[in-house]
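Architecture at a glance
For reference, the chains in residue letters:
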Amino acid sequence: MGFYQKLVIFLLLNIAALLIGGFLQGEGARSEWYRGLEIAPWTPPGWVFGAAWFTIMICFSFYMAYATELKQLNLLIILFIIQWVLNVSWNAVFFRFHLPFTGLIVIILLTVLVAWFFFYGLKQMPLKSLLVLPYLIWLLLATSLNAFIWLRN
């Protein structure tokens, strides 16, 4: 399978993650529950989340299409699936079920896993691994937002 076919597959999978996650979060930040929370002062405006996630998923799709040429393809695909499930499930855990602590555990696991993707790629394709950096940085921010909510509410 060629690079562009792999890219299309990962784009479809990652965009599906965004759509399913959006569906699972219900009203999300517009919910009465969320609006009643004390949120971190560094929380970005709502529109930033959509733009950030769209950009992140495009970058991560390119990274994954390149990374499929690396060693340990089976491990890479298994970890991608785990990452996908964690990414999608956080929305339901946090927003639909109102479980900030469980959401914090999920997002920490996701952050560690995405850090693995970054450092794994850094050894074998240093420039292309920079495509994971927006994901990792965003997850660090999102983890701090989730932690703040758990600690303050």
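Treat the numbers as computed from the prediction; the structure is a model and nothing was measured.

Helix and strand counts for the chain stand at 6 helices and 0 strands. For the chain, the α and β elements follow one another from N to C terminus as α-α-α-α-α-α. Projected onto the principal axes, the alpha-carbon positions of the chain cover approximately 50 × 25 × 25 Å. For the chain, long-range pairs separated by at least 24 residues make up 82% of all intrachain contacts whose partners lie at least 6 apart in sequence. Surface exposure of the chain reaches about 8,400 Å², of which carbon and sulfur atoms provide 74%.

Our next topic: the nonpolar core. Membership of the largest hydrophobic core comes to 39 residues, with the highest contact counts inside it found for Phe60, Tyr63, Met64, Phe117 and Tyr135. The set of elements that each furnish at least two residues to this core consists of helix H3 (46-67), helix H4 (73-96), helix H5 (100-124) and helix H6 (133-152). Among residues more than four places away in sequence, those in contact with Phe117 are Phe60, Tyr63, Met64, Leu76, Leu79, Phe80, Gln83 and Val132.

Attention now moves to a nonpolar patch on the surface. Where nonpolar side chains cluster on the molecular surface, the patch consists of Phe101, Ile105, Leu109, Trp150 and Leu151 and spans about 500 Å² of accessible area. Counting only elements with at least two residues in the nonpolar patch, the list comes to H5 and H6. By residue number, the principal contributor to the nonpolar patch is H5, which donates 3 residues.

Moving on, we come to the environment of Trp53. With respect to the element layout, Trp53 can be found in helix H3. Between the alpha carbons of Trp53 and Ile15 there is a distance of 9.3 Å; along the sequence they are 38 residues apart. Not counting chain neighbours up to four residues away, the residues in contact with Trp53 comprise Leu18, Asn87, Tyr135, Trp138 and Leu139.

Along the chain, Ser129 falls in the loop between H5 and H6. The class for Ser129 is buried, based on a relative accessible area of 0%. In this view, Ser129 contacts Tyr63, Phe118, Gly121 and Leu122; residues no more than four positions away in its chain are not counted.

Note that Phe62 resides in helix H3. Distance from Phe62 to Phe3, taken between C-alpha atoms, is 9.1 Å for residues 59 residues apart in sequence.

As a further point, take the confidence of the model for the chain. Confidence in the prediction for the chain averages 97 pLDDT; 100% of positions are at 70 or higher. Averaged pLDDT values over the elements of the chain bottom out at 96 in helix H2 (residues 32-35) and peak at 98 in H6.

Glancing now at the environment of Ile137. Structurally, the position occupied by Ile137 is in helix H6. Taking the C-alpha atoms as reference points, Ile137 and Thr111, separated by 26 residues in sequence, lie 9.0 Å from one another.

Another aspect to go through is H4. In an α-helix, one turn spans 3.6 residues, which is why side chains three or four residues apart end up on the same side. The end-to-end C-alpha separation of H4 is 34 Å, in line with the 34 Å expected for 24 residues at 1.5 Å each. Where H4 bends most, at Ser89, the angle is about 30 degrees.

Positive phi values are uncommon outside glycine, yet Gln72 reaches one of about 60 degrees. The residue Gln72 is located in the loop between H3 and H4 in this model. According to the relative accessible area criterion, Gln72 is partly exposed, its value standing at 49%. With a phi close to 55 degrees, His98 is a non-glycine residue in the positive phi region. Relative accessible area serves as the criterion here: at 34%, His98 is assigned to the partly exposed category.

Rules used throughout
Residues numbered from 1 in each chain as written. Predicted model: local features only at pLDDT ≥ 70, side-chain atom pairs only at ≥ 80, totals over all residues. Heavy atoms only, no water. Helix = DSSP H or I, 4+ residues; strand = E, 2+ residues; numbered from the N terminus. Contact = heavy atoms within 4.5 Å. Areas by Shrake-Rupley, 256 points an atom, 1.4 Å probe, with all protein chains shown as cover. Core = buried A, V, L, I, M, F, W, Y, C linked by side-chain atoms within 4.5 Å. Buried < 20%, exposed > 50% of the residue type's maximum accessible area, 1.4 Å probe, protein only. Patch = residues over 30% accessible without salt bridge, like charges linked within 9 Å, V, L, I, M, F, W, Y side chains within 5 Å. Salt bridge = Lys/Arg side-chain N within 4 Å of Asp/Glu carboxyl O. pLDDT = per-residue confidence, 0-100. Expected span 1.5 Å × (residues − 1). Bend = angle between axes of the 7 residues up to and from the residue.

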